[in-house]
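# A look at the structure
Here are the chains, one letter per residue:
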Amino acid sequence: MATSNLPATTDSVAKALEAKSPSEAISILYSVLEDPSSSPEALRIKEQAVTNLSDILTQENKAEDLRQLLVQLRPFFSLIPKAKTAKIVRGIIDAVAKIPGTTDLQITLCKEMVDWTRAEKRTFLRQRVEARLAALLMENKEYVEALALLTNLVKEVRRLDDKLLLVDIDLLESKLHFSLRNLPKAKAALTAARTAANAIYVPPAQQGTIDLQSGILHAEEKDYKTAYSYFFEAFESFNALGDPRAIFSLKYMLLCKIMVSQADDVTSIISSKAGLQYVGPDLDAMKAVADAHGKRSLKLFENALRDYKAQLEEDPIVHRHLSSLYDTLLEQNLCRLIEPFSRVEIPHIAELIELPVDHVEKKLSQMILDKKFAGTLDQGAGCLIIFEDVKTDAIYSATLDTISNMGKVVDSLYARSAKIMA
């Protein structure tokens, strides 16, 4: 910080912009903020100085300085309208979020601001900072604390009927319950978000987020056709805005096509005008999976999972569905291979399917326990013994049905005779 104060004037801000180094510009802007003047023009210049200062600190990756700036600005916040205070606070928190590896610092910063807003009785700002804090806690996998915070916040916001904030909170609650694998509550929260959104104008980015969450929940219920339509809507919204989430929406669209055995459509979607904008590892990964699925090749499938681990394994939504698809393909291939045999060596099956022996043996034992086929593993001989399907004798069940029907006839005749005698 500079030792002498500079007046809060346009020339001072311009001087900071013309500074030779970021450190010099930061020093000048801090000096402008220390000007004791509180005239309307000085306050306006200070607001501009705060914006410029936060931009420079973000570029220099000085997250801790941004946190200290927010503390130092508290006396200044008492001089400007509450709406401008909220804009500045949220802007600085967003600036910290742009710096990599600052999740813990953001959580600490939000908690400090929640305490300050409670003391200052700034309800509007507190609710929005708490919503941001809940999102950060969820991202940090602190689900219990996030859920407790959201539960109280939802009740409070519903009383105030702040529908725009309510959409954000309900959507966040849906994501949180989905992370906790509580699908009924995730769907209920999403329905509440849609209901609130229908009553107001929702920005395209927020509408895209709602559609993306809707697609994820429908995909979880194996309704891939409906999920595809929601992902498509989300993709259109994000693509128009240049939002980086567009690539995820497109990836999930391709996932839905693969899951409904329409892998041939993946190439055409990627080569379309919209798809060509996002050509990269994510789309290459989905194309590799589609090729493996189209050829029914487990080896190609495993190669894709290995080569594109970051795009497939580390994306929890894609990973969950592809794991299910891989298991289905593996079972289908194994059933097809063992069908001609009554006794076959496990290494021979592993060689035919091009997978490790222990992997094949484990899967066969699981399929036997799940009654996918009748058989047993002779581990001493390293063989799989397949039992013949025992045909169920239909005479026994038919006899039981006949006796049951005769019993109903006798009961009916007894009831009629009882009426006649009466």
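In what follows, the accompanying structure is described. Because the structure is predicted, anything quoted here is derived from the model rather than measured. (Residues numbered from 1 in each chain as written. Predicted model: local features only at pLDDT ≥ 70, side-chain atom pairs only at ≥ 80, totals over all residues. Heavy atoms only, no water.)

## Side note on the packing of helix α20 (residues 316–338) against helix α21 (residues 346–353)
The test is simple: Axes here mean lines fitted to C-alpha atoms, for a helix over just the part in contact, with angles spanning 0 to 180 degrees between N-to-C directions. Working definition: helices are DSSP H or I runs of at least four residues, strands are E runs of at least two. Numbering for both runs from the N terminus. Any angle that is under 35 degrees is reported as roughly parallel, and any over 145 degrees as roughly antiparallel; angles of 65 to 115 degrees are reported as roughly perpendicular and all others as oblique. Helix crossings fall into two classes, left-handed where the near helix is turned counterclockwise from the far one by less than a right angle and right-handed where it is turned clockwise. In what follows, a contact means two residues having at least one pair of non-hydrogen atoms within 4.5 Å. Residues are grouped as follows: Ala, Val, Leu, Ile, Met, Phe, Trp, Tyr, Cys and Pro are nonpolar; Asp, Glu, Lys and Arg are charged; all remaining types, including Gly, are polar.
One way to put it is that α20 packs onto α21 with a least axis distance of 11 Å and a crossing angle of 120°. Judged by the angle between their axes, α20 and α21 are oblique. The chirality of how α20 crosses α21 is right-handed. Along the contact surface, α20 presents Leu330, Asn333, Leu334, Leu337 and Ile338, while α21 presents Ile349, Leu352 and Ile353. When its residues are assigned to classes, the contact of α20 with α21 shows seven nonpolar, one polar and no charged.

## Let's talk about the nonpolar core
Which entries qualify depends on this criterion: Residues belong to a common nonpolar core when they are buried Ala, Val, Leu, Ile, Met, Phe, Trp, Tyr or Cys residues joined through side-chain atoms within 4.5 Å. Here the term buried applies to any residue with accessible area under 20% of the maximum for its type, exposed to any over 50%, and partly exposed to those in between, with areas from a 1.4 Å probe on protein chains only.
Counting 131 residues, the largest nonpolar core has Leu73, Phe77, Phe301, Leu322, Val360 and Leu384 as its most contacted members. Beyond its immediate chain neighbours, meaning those up to four positions away, Leu73 contacts Leu33, Val50, Ile88 and Ile92.

## Some details on the pattern of salt bridges
Our working rule: The rule for a salt bridge is simple: a side-chain nitrogen of Lys or Arg has to be within 4 Å of a carboxyl oxygen of Asp or Glu.
Counting across every chain of the model gives 23 salt bridges. Across the salt bridge formed by Arg181 and Glu220, the nearest N and O atoms sit 2.4 Å from each other. One end of the pair, Arg181, is in the loop between α10 (163–179) and α11 (183–198); the other, Glu220, is in helix α12 (residues 204–220), with 39 residues separating them in the sequence. Taking relative accessible area as the criterion, Arg181 reaches 40% and is therefore assigned partly exposed. Residue Lys251 is joined to Asp315 by a salt bridge in which the shortest nitrogen-to-oxygen separation is 3.2 Å. One end of the pair, Lys251, is in helix α14 (residues 246–259); the other, Asp315, is in the loop between α19 (309–312) and α20, with 64 residues separating them in the sequence. Of the residues examined, Lys251 reaches a relative accessible area of 2% and is grouped as buried. Asp315 sits in the buried class, given a relative accessible area of 7%. Each of Arg118, Arg126, Glu130 and Glu156 takes part in salt bridges that share partners, so that together they form one network.

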